[in-house]
Amino acid sequence: MKNSCIKKIAVLFAAFAFVFCPVKIFAGESVDEAAELMQRTNDFYNKGNYVKAVQSVNLLMELYEGRSGFSENQKLMAEAVYYAWINSIYKTASINNGKVDRKEFDNAILCLKLHPQAASARTVSLIDKMFDDEIKFFEKLRRSYVDESKRNQWRKVNAEISVLEKSRKELEYVINGDVSVDMIKRYLDEKEREKTDKIYKVMIFTTGVFLFIALVILIYFIIKNYKRRVEAQHNFETTMEVVALLTRDFNGSKISFVKDANDKVIDEKYDTTGVFASKKEFAFDSVANEFFTNEDSKRKFMELETECYQLGLKIDEVTGRKNNSRKVSELVYKISNAAGVNQNTALLYHCAAMVYDAGFLSVKKQILSAEHLTIKERYEVRSHVQNAQKYLEFVPPELQVVFMDAAEYHHENFDGKGYMAGMRGAKIPLIARMIRVCESYVSLVNKRIYRETAMDRYSALTELKRKSGIYDPKILSLLEKVI
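Residues numbered from 1 in each chain as written. Predicted model: local features only at pLDDT ≥ 70, side-chain atom pairs only at ≥ 80, totals over all residues. Heavy atoms only, no water.

## Focus on the side chain of Arg433
Reasoning step 1: Among the secondary structure elements, Arg433 is positioned in helix α16 (residues 430–445).
Reasoning step 2: A distance of 2.7 Å separates the side chain of Arg433 from the side chain of Asp472, its partner in a polar contact. (Helix = DSSP H or I, 4+ residues; strand = E, 2+ residues; numbered from the N terminus. Polar contact = N/O pair within 3.5 Å; in protein donor to acceptor, adjacent residues only side chain to side chain.)

## Considerations on the pattern of salt bridges
Reasoning step 1: Evaluation of the coordinates by the stated rule reveals 16 salt bridges.
Reasoning step 2: Arg168 is the salt-bridge partner of Asp128, the closest N and O atoms lying 3.7 Å from each other. One end of the pair, Asp128, is in helix α5 (residues 121–143); the other, Arg168, is in helix α6 (residues 151–175), and 40 residues separate them in sequence.
Reasoning step 3: When its relative accessible area of 22% is taken as the criterion, Arg168 is described as partly exposed. (Salt bridge = Lys/Arg side-chain N within 4 Å of Asp/Glu carboxyl O. Buried < 20%, exposed > 50% of the residue type's maximum accessible area, 1.4 Å probe, protein only.)

## Section: the nonpolar core
Reasoning step 1: By size, the foremost hydrophobic cluster in this structure holds 50 residues, and its most contacted members are Val332, Leu348, Tyr349, Leu392 and Phe403.
Reasoning step 2: The element that contributes the greatest number of residues to this core is α16, accounting for nine residues.
Reasoning step 3: Filtering out sequence-adjacent residues up to four positions away, Leu348 remains in contact with Phe284, Ala288, Phe291, Phe292, Phe301, Leu304, Leu399 and Phe403.
Reasoning step 4: With 36 residues, the next largest nonpolar core counts Met61, Val81, Ile86 and Leu164 among its residues. (Core = buried A, V, L, I, M, F, W, Y, C linked by side-chain atoms within 4.5 Å. Contact = heavy atoms within 4.5 Å.)

## Some details on helix α15 (residues 400–409)
Reasoning step 1: For α15, a buried count of seven out of ten residues is recorded, marking the element as mostly surrounded by other parts of the structure.
Reasoning step 2: For α15, the set of buried residues is Gln400, Val402, Phe403, Met404, Ala406, Ala407 and Tyr409.
Reasoning step 3: Residues of α15 that are buried sit in contact with α10 (297–319), α12 (343–352) and α16.

## Observations regarding a nonpolar patch on the surface
Reasoning step 1: A contiguous nonpolar patch, built from Phe205, Val209, Phe212, Ile213, Val216, Ile217, Tyr220 and Phe221 and spanning about 810 Å² of accessible area, is present on the exposed surface.
Reasoning step 2: For Phe212, a relative accessible area of 55% gives the class exposed. (Patch = residues over 30% accessible without salt bridge, like charges linked within 9 Å, V, L, I, M, F, W, Y side chains within 5 Å. Areas by Shrake-Rupley, 256 points an atom, 1.4 Å probe, with all protein chains shown as cover.)

## Let's talk about the packing of aromatic side chains
Reasoning step 1: Counted under the stated rule, the structure contains eight aromatic pairs.
Reasoning step 2: With 6.4 Å between their ring centres and 15° between their planes, Phe284 and Tyr349 make a pair best called stacked. Separated by 65 residues along the polypeptide, Phe284 in the loop between α8 (263–269) and α9 (285–293) and Tyr349 in helix α12 bring together distant segments of the chain. Accessibility assignment for this pair places Phe284 and Tyr349 in one class, buried.
Reasoning step 3: An aromatic cluster is built from Phe291, Phe292 and Phe301, whose rings are joined through pairwise contacts. (Phe/Tyr/Trp six-rings, centres within 6.5 Å; stacked < 30°, edge-to-face > 60°.)

## So, α5
Reasoning step 1: Look at α5: 33 Å from first C-alpha to last across 23 residues, which is about the 33 Å you get at 1.5 Å a residue.
Reasoning step 2: Buried residues of α5: Thr123, Leu126, Ile127, Met130, Phe131, Glu134, Ile135 and Phe138, and no others. (Expected span 1.5 Å × (residues − 1).)

## What about the confidence of the model for the protein chain?
Reasoning step 1: Put simply, the protein chain has an average pLDDT of 80, and 80% of its residues get 70 or more.
Reasoning step 2: Within the model, the stretch residues 5–28 combines pLDDT values under 50 with three contacts to residues more than four positions away or in other chains. (pLDDT = per-residue confidence, 0-100.)

Printed below as a string of structure tokens:
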């Protein structure tokens, strides 16, 4: 029985210690901290550093917030510190012709709203006097802005008076206990959130505007560059079409060509469905074979092919047709093989087809990219077929004939309505007829800046066949086999 009583007493003691010891420890810590804050506040006060003294006493009041224990001495210290601080603001204003440091004054009002226990009759009286002085100052200023031209200044001053009157009412409500400190804190927190939200919104809006402007500028330059390239390419293509149809020289007189009296007979006998049977078509074979019989012919051909490739890149850059030279030359080589052309000849045709438009290097760049061309400028573009020779000097003399046939006659039409010589039918060199077909086909099946979509190969072939007067039907037939 005795042991049972001892156990019960021990449990009660443990429960008591668990519940009350933390409170005592906390209370002890609070007492020590309060004493330290009181000492610090007193030191700042005695040194005349009232701002630091107010900060310290505010911590002291917040330590007891929501709990009892704030002693009379502590209240007296808080009141003395606040009065000294506000009085120093008032005296400074007197020295400055009554002009209050508005930032410090507003800070004092805010501190009193958050710590109304520091307010006293003399503090409130001093605050009221400062409010009166500020309001009188702005009322006097407002009267000087009665003129209609100073209406904006009047509104600003009137807004300042409203702010002061509102702040005085709010302080009065807090000191009288009509508004709690918690309500003031919630209000301030809400205002701070609104301010932060406003800053974030401004930042987001500014960033959005900046990105939008940057995007607009980027799109503007992309479109501008795109239009410039479209116009350049379109002008180039249009110019070539117009030039092909021109039938007048610079003076307006018609161009006349001497026609072979037997041309009609030759055209009538030309087999448009069979393979090339005429030895005349392969007249270049002997020259090609002789070129490749040389011991170092392989080296010479590789050098020739490399130079043609490099020149082809320059031509494509000028005309704005990417890889055009390579694609045309590859197609010419395939058609040459399908036509039964000697392999040596086919290789040289392949090289000649890389540089057939070398004459464009002599045409002024501004002409190729101009929006409108004069008759004279159109003839300058058209003359590219005559200006290739100076760019083909690297070609061995014995091969010059086929390279010049490709450069000078690739705009001749099968019906004789092309340029520059107005040749027709089989009179047009074979390499020139092949390039005429291959160049047009490559243009149709590849995207151009001015045309978003390319034709498929069968649609392109149908389009070429539709223009029967321009292209050699035999070569069109061979093209159909190799594509």
